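Given next are the chains, with one letter for each unit.
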Amino acid sequence: MDATRFEFLDKLRADRFFLLAGPCVIEDETSPFHIAETLKTITERLSIPLVFKGSYRKANRSRIDSFTGIGDEKALRVLWKIRQTFDIPVVTDIHAAEEAEIAAEYVDMLQIPAFLCRQTDLLVAAAKTGKTINIKKGQFLSGEAMKFAVEKVQQSGNEKVMLTERGSMFGYQDLVVDYRNIAAMQQFAPVILDVTHSLQQPNQTCGVTGGRPELIGLIAKAGIAAGADGIFMETHPHPENAKSDGANMLRLDLVEPLLQQLVRIKEAIV
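### Considerations on the overall build of the chain
For the chain, the helix and strand inventory stands at eight helices and 13 strands. Computed over its C-alpha atoms, the radius of gyration of the chain comes to 17 Å, within 12% of the 18 Å expected for a compact globule of 270 residues. Projected onto the principal axes, the alpha-carbon positions of the chain cover approximately 45 × 45 × 40 Å. Burial status across the chain gives 53% buried among its 270 residues. Relative to all contacts within the chain whose residues are 6 or more apart in sequence, the contacts with residues 24 or more apart total 70%.

Here is the structure:
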């Protein structure tokens, strides 16, 4: 796979991976800038290409009273301002075909949520924006089956597509990572490992998704050793206060020591 086709990977070296990281959702108009600045400082120090991640709206929530966002346009403008302020690419999720063109005006990459990875109209609309498309593998699909999601984007005239492994359902309330999926999906596109959502414990009876954040390092190190092209993680200065997915986030001050370990592993296997 020719990484030069991906504009934000121009500086990618063979001994590095790239990083998609940021908060789960844009919670306000100030805290994302602190997270972005911290991540940029760390990744520049370690020579890791960074894409800032933040959902402008959370459409898939357990309960109707769960936080969904600060307003679509307001959140998208925050992402655009981060892009301009820190000169870094940004990525956000879209959930319906009509959102693709709107979000594409503000971001560099459009992300297709795992539950929607088979939605043809969504994939085609995203592809037609010309942006890089990151498709998360459905928790219910094999890595090999993601070939067809990639083909939908490519056959719509867009070769800039990536895939993300984010775990597979293990019973009703847990996920496991099958590292074979990294190799399987690399036949079709660069592969990112989502090291935070892979540790979710969904469908809890309390209506709030749980997680195992103490295992983030384990999952991430195994992913780099298995050859993942990139790492995806959600991070927050205070995950216990995060308005979405706090139970499986990595605390912001733990990002740098983990990335240092991942860099050493990557250098050892190149």
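Back to the write-up after that little detour.
### Observations regarding the packing of helix α1 (residues 31–46) against helix α8 (residues 255–269)
Axis separation between α1 and α8 bottoms out at 10 Å; the angle between their running directions is 25°. Considered as vectors, α1 and α8 are oriented roughly parallel to each other. In the packing of α1 onto α8, the handedness of the crossing is right-handed. Counting all contacts with α1, which are made through Leu39, Ile42, Thr43, Arg45 and Leu46, the residues of α8 involved are Val255, Glu256, Leu259 and Gln260. Class assignment for the residues of the contact of α1 with α8 results in five nonpolar, two polar and two charged.

### Examining the pairing of strand β4 (residues 109–112)
As a general feature of sheets, a regular strand has side chains that alternate between the two faces. Covered by surrounding structure in β4 are Met109 and Gln111 together with Leu110 and Ile112, the residues of both alternating faces. Sheet topology places strand β3 (residues 90–93) next to β4; three bridges connect them, and they run parallel. Following the sheet pairing, Asp93 is matched in β4 by Gln111. Once you follow β3 into helix α3 (residues 97–104) and on to β4, the crossover reads as right-handed. By the bridge criterion, four bridges tie β4 to strand β5 (residues 132–136) in an arrangement that is parallel.

### So, the pattern of salt bridges
The tally for this structure, following the rule as stated, stands at 12 salt bridges. The partner of Arg45 in a salt bridge is Glu256, and the shortest N-O contact between them spans 3.0 Å. Taken together, the positions of Arg45 in helix α1 and Glu256 in helix α8 put the pair 211 residues apart, joining distant regions of the chain.

### Considerations on the pairing of β5
Among the five residues in β5, five count as buried, and that is most of the element. Alternating positions in β5 separate into two faces, Thr132, Asn134 and Lys136 on one and Ile133 and Ile135 on the other, with burial throughout. With helix α4 (residues 120–128) bridging β4 and the parallel β5, this β-α-β connection has right-handed handedness. Relative to strand β6 (residues 161–165), β5 runs parallel, the two sharing four bridges. In the strand pairing of β6, Asn134 is matched with Met162. What joins β5 to β6 is helix α5 (residues 147–154), and the crossover it makes is right-handed.

### Observations regarding the nonpolar core
Ranked by size, the top nonpolar core spans 67 residues in total, and within it Phe52, Ile82, Leu110, Ile135, Ile231, Met233 and Leu259 carry the most contacts. Judged by nonpolar contacts, the second largest core, of eight residues, contains Phe18, Leu20, Val91 and Met162.

### Focus: the state of the cysteines
In this structure the tally under the stated criterion is zero disulfides. Free cysteine: Cys117, not disulfide-bonded; nearest cysteine sulfur from Cys24 at 18 Å. Classification of Cys117 by relative accessible area gives buried; the value is 1%.

Thresholds applied
- Residues numbered from 1 in each chain as written.
- Predicted model: local features only at pLDDT ≥ 70, side-chain atom pairs only at ≥ 80, totals over all residues.
- Heavy atoms only, no water.
- Helix = DSSP H or I, 4+ residues; strand = E, 2+ residues; numbered from the N terminus.
- Rg over C-alpha atoms; globule rule 2.2 N^0.38 Å.
- Buried < 20%, exposed > 50% of the residue type's maximum accessible area, 1.4 Å probe, protein only.
- Contact = heavy atoms within 4.5 Å.
- Axes fitted to C-alpha atoms, helices over the stretch in contact; angles between N-to-C directions.
- Parallel < 35°, antiparallel > 145°, perpendicular 65-115°, else oblique.
- Left-handed = near helix turned anticlockwise from the far one by under 90°.
- Nonpolar A, V, L, I, M, F, W, Y, C, P; charged D, E, K, R; others polar.
- Pairing = 2+ DSSP bridges.
- Right-handed = clockwise from strand over helix to strand, strands pointing away.
- Salt bridge = Lys/Arg side-chain N within 4 Å of Asp/Glu carboxyl O.
- Core = buried A, V, L, I, M, F, W, Y, C linked by side-chain atoms within 4.5 Å.
- Disulfide = S-S within 2.5 Å.

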